[in-house]
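Inside the fold
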Amino acid sequence: MDLRERTRQAGGRAGSSAVDTAFFVALLWVVEIVDVITRHAVDRFASLRAWEFTDLPSIFTFSFAHYGWAHLIGNTALLLPFGFLLGLSGRRVAVQVTLVVMVCSGLAAWALTPPHSATAGASGIVFGWLTYLIVRGAWSKRWTEAALGLALLAVFGYVLWGVLPGAQGVSWQGHLGGAAGGLLSAWLINDKRSRRRF
């Protein structure tokens, strides 16, 4: 494959990633608008309530609900760059990573949060995407991914302190689960990719 073809493919993948990330974030904003219009009916429906077994399916919905605009804006600022970088690996990888992260974040929030307390927000996905991007190079053995991971760790590593108990009302449990999901998906996906190359 010549340089021109590689450049064309990279440009196409970057465009697809930008569109996919923008669509995902736009969906979160639409959900919040609906939540405001319905007087927070979305929050009541989508939030994940700890230790309530009937609420376990909410591990697939709680990431889409947010407790106010400030909550959503804070997550959006990190979802956009991390989602774009993740999407450069292809839509299939991005979907796989996101699903693993959502499940791990949801299970951690459900199991580790005080009983009957509610959790919502995409910050678990933020932590999962960031962790995945930082560590995947350890399994893929690709120097570009390892270098990007080190750069992200240097610039955004402070975010990972959010996996520790801190401010009241912030789900460090969901953050921790999301980060664990990012680590798990990096191992599952990139170890397999690396073994296929040899």
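Structure first, text after, so check above.
Notes on the structure follow. (Residues numbered from 1 in each chain as written. Predicted model: local features only at pLDDT ≥ 70, side-chain atom pairs only at ≥ 80, totals over all residues. Heavy atoms only, no water.)

Remarks on the nonpolar core
What counts, and what does not: Here, the term nonpolar core denotes a set of buried Ala, Val, Leu, Ile, Met, Phe, Trp, Tyr and Cys residues that are joined through side-chain atoms within 4.5 Å. Classification of residues uses two cut-offs on accessible area relative to the type maximum, computed with a 1.4 Å probe and protein chains only: under 20% is buried, over 50% is exposed, and between them is partly exposed. Each helix is a run of H or I in the DSSP string that is no shorter than four residues. Each strand is a run of E no shorter than two, and both are numbered from the N terminus. Any pair of residues with heavy atoms lying within 4.5 Å of one another is described as a contacting pair.
Counting residues in hydrophobic clusters, the biggest one holds 30 residues, and the most contacted among them are Leu79, Phe82, Val97, Trp129, Tyr132 and Leu152. Broken down by secondary-structure element, the contributors of at least two residues to this core are α1 (3-37), α3 (69-87), α4 (91-112), α5 (123-135), α7 (143-156) and α8 (172-196). For this core, the element with the highest residue contribution is α5, accounting for 8 residues. With residues up to four places along the chain from it excluded, the contact list for Val97 reads Leu86, Trp129, Tyr132, Ser185 and Ile189.

Observations regarding the side chain of Glu32
For clarity, the threshold we go by: For the charge count, each Lys or Arg is scored as positive and each Asp or Glu as negative, with His and the chain ends excluded. A carboxyl oxygen of Asp or Glu within 4 Å of a side-chain nitrogen of Lys or Arg is what we treat as a salt bridge.
Along the polypeptide, Glu32 turns up in helix α1. Although Glu32 is buried, it makes no salt bridge; Arg44 carries the closest opposite charge, 12 Å away. Beyond its immediate sequence surroundings of up to four residues, Glu32 is in contact with His66, Gly68, Trp69 and Leu72.

Some words on the packing of aromatic side chains
Put simply, the rule reads: Stacked, tilted and edge-to-face pairs are distinguished by plane angle, under 30 degrees for stacked and over 60 for edge-to-face with tilted covering the rest, among Phe, Tyr and Trp rings (Trp via its six-membered ring) whose centres lie within 6.5 Å.
Under the definition given, this model contains 6 aromatic pairs. Where Phe24 meets Trp129, the ring centres are 5.7 Å apart and the plane angle is 50°; that geometry is what we call tilted. With Phe24 in helix α1 and Trp129 in helix α5, this pair connects stretches of sequence that are 105 residues apart. No difference in accessibility class separates Phe24 from Trp129, as the two residues are buried. Ring geometry for Phe82 and Phe156: centres 5.0 Å apart, planes at 85°, overall edge-to-face. Of this pair, Phe82 sits in helix α3 while Phe156 sits in helix α7, and the two are 74 residues apart along the sequence. Side by side, Phe82 and Phe156 carry an identical accessibility label, which is buried. These aromatic residues form a ring-pair network of at least three members: Phe24, Phe64 and Trp129.

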